[in-house]
Amino acid sequence: MIGRDGVAGLACLAAALTLLAASRGLPQPALVPIGPAFYPRILFGALAALSLGLVVADLLRRERPAPPPAHYRLVVLTFAIFAAYVALLPVLGFRLATFLFVAGLQAVLEPPRGRRWWLVLGVALAATAIAYLVFERYLSVLLPRGRLTGF
Amino acid sequence: MFGALWGSLGEVLQLQYLFPLAVGTLAGLVGGALPGVTITMTIIIVLPFTFGMDPLAGLAAMVGVYVGGESGGLVTASLLGIPGTPSAVATTFDGFPMARRGEPGRAVWLGTWASFIGGVLGAVFLVAATVPLARFALQFGPWEYFSLFVFALSMVAGLTEQSLLKGFLSGAIGLVITVIGTDPIMAVPRFTFGTEFLQSGFQFLPVLIGIFAFAQIMSDLEKMSAGERAARVETPSLAVSHPAVIWEIVSRPFLLVWSTLIGLLIGVLPAIGGSAANVMAYDQAKKFSRHPERFGTGIPEGIIASEASNNANVAGSLVTIMAFGIPGDAVTAVMLGAMIIHGIQPGPLFMTQQPRVAYGIFAAYLLAHPVMMVLQWLLSRVYLRIVRVPKSILVPNILVLCVIGAYALNNVMENVYALLLFGVLGYLLVKFGFPLAPLILGVILGDQIEVNLVRSLMTDADPWLFLTRPISGSMLALSALSVVLALWQHRRQYRRGAPVEAPDADF
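Residues numbered from 1 in each chain as written. Chains lettered and ligands numbered in written order. Predicted model: local features only at pLDDT ≥ 70, side-chain atom pairs only at ≥ 80, totals over all residues.

## Describing the overall build of chain A
Part 1 of the argument: Within chain A one finds five helices and zero strands.
Part 2 of the argument: Taken from N to C terminus, the helices and strands of chain A fall in the order α-α-α-α-α.
Part 3 of the argument: What you see for chain A is a C-alpha radius of gyration of 24 Å, clearly larger than the 15 Å of a compact globule of 151 residues, by over 25%.
Part 4 of the argument: Sorting the 151 residues of chain A into buried and exposed places 30% on the buried side.
Part 5 of the argument: Pairs at least 24 residues apart make up 66% of the contacts formed inside chain A by residues separated by at least 6 positions. (Helix = DSSP H or I, 4+ residues; strand = E, 2+ residues; numbered from the N terminus. Rg over C-alpha atoms; globule rule 2.2 N^0.38 Å. Buried ≥ 20, exposed ≤ 12 C-beta atoms within 10 Å, placed from the backbone. Contact = placed C-beta atoms within 7 Å.)

## What to know about the overall build of chain B
Part 1 of the argument: Within chain B, the secondary structure is distributed over 21 helices and two strands.
Part 2 of the argument: Against the globule reference of 23 Å for 507 residues, chain B gives a C-alpha radius of gyration of 22 Å, in line with a compact fold.
Part 3 of the argument: On the principal axes, the C-alpha backbone points of chain B span a range of 65 × 60 × 45 Å.
Part 4 of the argument: For chain B, buried positions account for 61% of its 507 residues.
Part 5 of the argument: Look at the contacts in chain B between residues 6 or more apart in sequence, and 79% of them connect residues 24 or more apart.

## Digging into the interface of chain B and chain A
Part 1 of the argument: Across the contact, 52 residues belong to chain B and 52 residues belong to chain A.
Part 2 of the argument: Mapped by element, the contributors of at least two residues to the side of chain B that touches chain A are helix H3 (39-51), helix H8 (164-179), helix H9 (204-225), helix H17 (391-407), helix H18 (414-431) and helix H19 (437-459) of chain B.
Part 3 of the argument: Of the residues forming the side of chain B that touches chain A, the biggest block, 10 residues, is contributed by H17(B).
Part 4 of the argument: Tallied by class, residues from the side of chain B that touches chain A come to 39 nonpolar, six polar and seven charged. (Nonpolar A, V, L, I, M, F, W, Y, C, P; charged D, E, K, R; others polar.)

## Let's talk about the packing of helix H2 (residues 15-33) of chain B against helix H4 (residues 55-80) of chain B
Residues and elements named next belong to chain B.
Part 1 of the argument: The interhelical angle for the contact between H2 and H4, taken along N-to-C directions, is 30°, at an axis separation of 5 Å. Comparing the axis directions of H2 and H4 gives the class roughly parallel. Handedness of the crossing formed by H2 with H4: right-handed. (Axes fitted to C-alpha atoms, helices over the stretch in contact; angles between N-to-C directions. Parallel < 35°, antiparallel > 145°, perpendicular 65-115°, else oblique. Left-handed = near helix turned anticlockwise from the far one by under 90°.)

## Some points on the packing of H2(B) against H3(B)
Residue and element names in this part refer to chain B.
Part 1 of the argument: Interhelical geometry of H2 versus H3 gives an angle of 140° and a closest axis separation of 9 Å. As summarised for this structure, H2 and H3 are arranged oblique, according to the angle between their axes. In the packing of H2 onto H3, the handedness of the crossing is right-handed. In this structure, H2 uses Gly-24, Ala-27, Gly-28, Gly-31 and Gly-32 to contact H3, whose residues at the interface are Ile-39, Met-41, Thr-42 and Val-46.
Part 2 of the argument: Partitioned by chemical class, the residues of the contact of H2 with H3 number four nonpolar, five polar and no charged.

## Focus: H9(B)
Part 1 of the argument: Helix length check: H9(B) (22 residues) gives 31 Å between terminal C-alpha atoms against 32 Å at 1.5 Å per residue, within 8%.
Part 2 of the argument: Count one or two residues on from H9(B) and you reach Gly227(B), which has phi positive near 90°. (Expected span 1.5 Å × (residues − 1).)

## Observations regarding the confidence of the model for chain A
Part 1 of the argument: The pLDDT averaged across chain A works out to 90; a share of 99% of its residues lies at or above 70.
Part 2 of the argument: Of all secondary-structure elements in chain A, the lowest mean pLDDT belongs to helix H5 (residues 116-138) of chain A, at 93, while helix H4 (residues 94-109) of chain A reaches the highest, 96. (pLDDT = per-residue confidence, 0-100.)

## Considerations on unusual backbone geometry
All names here are of chain B.
Part 1 of the argument: With a phi angle near 50°, Phe-191 is a residue other than glycine that sits in the positive phi range.
Part 2 of the argument: Given 19 C-beta atoms within 10 Å, Phe-191 falls into the partly exposed group.
Part 3 of the argument: Phi is positive for Asn-411, close to 55°, though the residue is something other than glycine.
Part 4 of the argument: Overall, the presence of 11 C-beta atoms within 10 Å leaves Asn-411 in the exposed class.

## Comments concerning the environment of Pro68(A)
Part 1 of the argument: Along the chain, Pro68(A) falls in the loop between helix H2 (38-60) and helix H3 (73-92).
Part 2 of the argument: Remark: the alpha-carbon pair of Pro68(A) and Leu43(A), spanning 25 residues in sequence, is separated by 33 Å.

## Looking at the nonpolar core
Part 1 of the argument: Grouped together as the largest cluster of nonpolar side chains are 221 residues, with contacts concentrated most on Leu208(B), Ala364(B), Tyr365(B) and Ile440(B).
Part 2 of the argument: Dropping the residues within four chain positions of it, Ala364(B) is found in contact with Val12(B), Leu21(B), Leu59(B), Ala60(B), Val63(B) and Gly64(B). (Core = buried A, V, L, I, M, F, W, Y, C linked by C-beta atoms within 7 Å.)

## Description of H3(B)
Note: α-helices contain 3.6 residues per turn, so residues at a spacing of three or four share the same orientation.
Part 1 of the argument: In a regular helix each residue adds 1.5 Å, so 13 residues correspond to 18 Å; H3(B) covers 19 Å between its end C-alpha atoms and thus fits that length.
Part 2 of the argument: Within H3(B), the axis deviates most sharply at Ile45(B), by approximately 25°, and proline Pro48(B) lies no more than four positions further along.
Part 3 of the argument: A large share of H3(B) lies buried, amounting to 12 of its 13 residues.
Part 4 of the argument: Burial in H3(B) covers these residues: Ile39(B), Thr40(B), Met41(B), Thr42(B), Ile43(B), Ile44(B), Ile45(B), Val46(B), Leu47(B), Pro48(B), Phe49(B) and Thr50(B).
Part 5 of the argument: Those residues of H3(B) hidden inside the fold are in contact with H5 of chain A together with H2, H4, H9, helix H14 (330-341) and H17 of chain B. (Bend = angle between axes of the 7 residues up to and from the residue.)

## Section: the environment of Arg100(B)
Part 1 of the argument: As for its placement among the helices and strands, Arg100(B) is situated in helix H5 (residues 89-100).
Part 2 of the argument: Considered as a pair, Arg100(B) and Ala477(B) are 377 residues apart in the sequence and their alpha carbons are 49 Å apart.

## Brief notes about the environment of Ala437(B)
Residue and element names in this part refer to chain B.
Part 1 of the argument: Checked against the element boundaries, Ala-437 lands in helix H19.
Part 2 of the argument: The class of Ala-437 is buried, set by 26 C-beta atoms lying within 10 Å.
Part 3 of the argument: The sequence separation of Ala-437 and Thr-160 amounts to 277 residues, and the corresponding C-alpha distance is 8.3 Å.

## Some remarks on the confidence of the model for chain B
Part 1 of the argument: Looking at chain B, pLDDT values average 87 and 94% of them are 70 or higher.
Part 2 of the argument: Across the predicted assembly, pTM comes out at 0.88 and ipTM at 0.94.

Here you go:
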């Protein structure tokens, strides 16, 4: 049976071989001996060898420690909400997207009830306003504008 | 040398530099004290604020975070028994028992004064060693640089506590990330698979922020899902007789100097930082002690060793980045990114080309220590209350600052997409038991390794030169030695029947 390391090794091996194949399309300059494919090929070769080593080491391993119990609910939700935030940033603009993100993620991480909703919305509003004022106004760091809102 | 430092001290004492330094130090103290927020995370949070600043002001803020962070960790370590940062792990061993015995003030101030003294001793080394080391590095040709980078990478990969293979694989993945995008010789797009997104490659700051921030935050969220609750925080009085505490430290000069030296040495070595220094110094203090059995019961030696070493470690890391351009750990990696944004290239020429910034960093490091003492004295009980801020409020705000940090680099969304991409990758790597330090070092050194390899082979096609040039050959021999040593150590551990698995990401 293949274990966690074996899976990781196979994934790295697949990546190394794909990249090695892609390096065949790179041009070889006529005047200089070393082209753009020279160093990557050495690297991918090393990556493939190390990955293969990891797979073999995993197959040879007699006992594997049981994986610790996993609690991925909040991790998956946070990644999903963050991905939505990143997608919405150029559409809604920094201020609107950030307000929604900070409020949404707070609500998911610790579901509010009753008056705690005001805290959630207050924190989101304060975070957005402070970030905007400090970065755009004070430090002259530009933040994304929304395609849809122009805001 | 010390004349230039004197001038820089006067410059950094001006409000425009002292203010960011003090704010950075406070941020470091708070971030260091917050369990689950490491110094790396704090410096990532502070990073976007430095974009709009004068380079020296930005770097002063970062040095403040670094020094403050190393000292902030000791408050939670002593009072709650939870290390606020990995660099305060060993402080919990004796700090917490001492505080529980009814001497919280003694525990916290022993640590703080030891940090201060260790840090100031470290500063002497920083100022004295950087220039000669940079001068030595000026003799380097592409062969030496290539070998130095290979040595740095192999040592970091070898030092990982997890599997050696995974350490090297992680470093290789870091290097692979840097070959994506336009190649440095002919400017040909490589491995972009026809997408515009990959055309310009990945900048290392979004990669670094994504990998470190997400790996840390998501590991915390797992614990939250599992129902782990934050520790209850009490804020006891920290009143203590300072002369007595200082005497307790300086009456143990050997312990103090030895711990400082360990911190410096670990700091100078690339990409391992305070998290290793404090544990190693504690271990050494125990070995040299006449009463090792009393370690862990709340004796001052344990606290002094841990805290003197982790602040001295900052000085060591700063030496490496300023003399060789190689980050001593993840925190200096972020500082390296910040320097590059401001058009400053750290390396052997840094001291001669940018003396104002270089001596400004020395001055900021020196001044951060008294600033840290004052803030600790005024605010330690106040900022300890911030530890109560729930994760549900902290996490979204940290992520927003990560997004600003990545976006504001060049005002393009591509960097934010890279942040998300590497956030997922970093978390997956942690879950699969890969160490992250070699990967980050690979990403930082990748371009330089390629450029120096190609440059040396184009100058002279003879590959034996890497071995026959004395400095280059010695570095390669050292990297081979570090691999052999790591193999031997892992084998020994394996024979003892203790497979080493790091349960958490440790930065």
